[in-house]
Amino acid sequence: MVETVGIVGCGIMGAGIAELTARSGLDVRVAVGSEESRLRGLNRIVASLDRGVARGRITDADRSAALGRISFTTDMGQLADRQLVIESVREDEETKLEVFRTLDKVLEDDGAIIATNTSSLSVARLAAATNRPRHVVGIHFFNPVPVLPLVELVPSVLTAPETVARANALLTDTLGRTVIQVPDRAGFLINALLFPYLLSAIRMVDSGLATAEVIDRGMESGCSHPMGPLKLADLIGLDTTVSIAQALYEETKQPLHAPPPLLLRMVESGLLGRKSGRGFYTY
C-alpha cells in the first residue's frame with residue numbers, strides 16, 4: 001500500500017496532484033527547482049484549497065490537514081524514501097528523461113513506482129531511461145486535478161502487471177478517481193480524441209472563418225459543451241497544446257494533428273493562455 005508520494009514539479013498539474021494526494025491522507029513531498037518555484041507552487045495549492053473551502057467541498061480542518069501533509073525540497077535526493085514518485089514537469093521529452101534518470105538513481109526502494117503525468121509522450125521511452133522499466137507507468141490526470149475525476153492509467157510494453165495493479169489501487173481506493181486503462185500511444189485516448197477538435201477550432205480562427213468568441217459560444221450553446229474549444233486551449237496552455245499536437249503529428253503524420261501557424265506564432269510571442277494572462281482571451 002502506497003503511503004508516501006513524491007511529486008517532481010509544482011506547476012498547475014503538479015500542484016493539483018499534490019493537493020489531491022495530501023487531501024487523501026498521503027505524505028507528500030514536492031521537488032521543485034528553486035525557492036521561487038516553491039512559493040508559486042505553495043500559493044497555487046493554498047488558493048485551490050481556499051476555493052474548496054469557499055465552495056463547501058472541504059472544511060477548514062481538511063485544508064489545514066492537507067497543508068500539513070505537504071513538504072517541499074529543491075533536492076530530488078530527498079525523494080529517496082518515496083514509494084511512488086509522479087513526474088509533472090513541462091511537456092518536453094529531454095526534461096522528463098533527465099528526471100527519470102535522476103529518480104532511478106536516488107530511489108532506495110527497488111519496488112518504488114515512477115509515474116509520468118505526460119499528456120502525450122511515450123511511457124516506454126521514459127521507462128527505458130531507467131533500470132526499473134517494470135515499475136514505470138503513466139498516470140495522466142486532468143486539469144483541474146482536485147475536481148476532475150478521470151485518470152488515464154498507461155502501462156507501457158515494459159510495465160509489470162503488479163505495477164499496474166498497485167497504481168490502480170492507489171488511484172481508485174485511496175484517491176477516489178475514475179480510472180481507464182489506455183494504450184501507450186501519442187495522446188493516449190482522451191487527447192487523441194480531443195486535440196483534433198481543438199486544432200480544428202484554432203484553424204477556423206486562423207482562416208478568419210469565425211472568432212474565438214463565436215466558436216466557443218456555438219459549441220457551448222449548440223452542443224452543450226461546458227467550455228468552448230478556445231477557452232479550453234487557453235486553460236490547457238497554448239504551449240502545452242503545441243507540445244501535444246507535435247507529439248501526435250510526429251507519431252501519426254496526419255495533417256489534422258499538425259499545430260496551426262497561428263498557434264505557433266502565439267506561443268513564440270509568449271501568449272500561452274491563462275498561465276500568461278493572454279491567449280485567445282485576456283485574463
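Described below are features of the structure shown in this document.

Definitions and cut-offs
Residues numbered from 1 in each chain as written. Predicted model: local features only at pLDDT ≥ 70, side-chain atom pairs only at ≥ 80, totals over all residues. Heavy atoms only, no water. Buried < 20%, exposed > 50% of the residue type's maximum accessible area, 1.4 Å probe, protein only. Helix = DSSP H or I, 4+ residues; strand = E, 2+ residues; numbered from the N terminus. Pairing = 2+ DSSP bridges. Right-handed = clockwise from strand over helix to strand, strands pointing away. Axes fitted to C-alpha atoms, helices over the stretch in contact; angles between N-to-C directions. Salt bridge = Lys/Arg side-chain N within 4 Å of Asp/Glu carboxyl O. Expected span 1.5 Å × (residues − 1). Arc of directions from axis to C-beta. Contact = heavy atoms within 4.5 Å.

### Focus: the pairing of strand E7 (residues 150-155)
Next up, step 1: For E7, a buried count of 5 out of 6 residues is recorded, marking the element as mostly surrounded by other parts of the structure.
Next up, step 2: Pairing between strand E6 (residues 136-141) and E7: 5 bridges, direction antiparallel. Of the residues in E7, the one forming a bridge with Val137 is Pro155.
Next up, step 3: Crossover handedness for the path E7 to helix H6 (residues 161-174) to strand E8 (residues 178-181): right-handed.

### Things to note about the sheet that holds E8
Next up, step 1: Across the sheet, which stays open at both edges, the 8 strands sit in the order E3-E2-E1-E4-E5-E6-E7-E8 with mixed pairing between neighbours. With one partner strand each, in any of the chains shown, strand E3 (70-73) and E8 form the two edges of the open sheet. Pairs of neighbouring strands in the sheet enclose a mean axial angle of 25°, with direction left out of account.

### Focus: the pattern of salt bridges
Next up, step 1: Scanning the entire structure with this criterion turns up 16 salt bridges.
Next up, step 2: The partner of Asp81 in a salt bridge is Arg82, and the shortest N-O contact between them spans 3.0 Å.
Next up, step 3: Arg82 gets classed as buried once you look at its relative accessible area, which sits at 2%.

### Comments concerning helix H4 (residues 93-106)
Next up, step 1: Here H4 contains 14 residues, and its C-alpha end-to-end distance of 20 Å stays within 8% of the 20 Å for a straight helix at 1.5 Å per residue.
Next up, step 2: Listed as buried for H4 are Lys96, Leu97, Val99, Phe100, Leu103 and Asp104. All buried residues of H4 fall inside an arc of 160° around its axis, so they share one side.
Next up, step 3: Residues of H4 that are buried make contact with strand E1 (4-8), strand E4 (84-87), strand E5 (113-116), helix H5 (123-127) and E6.

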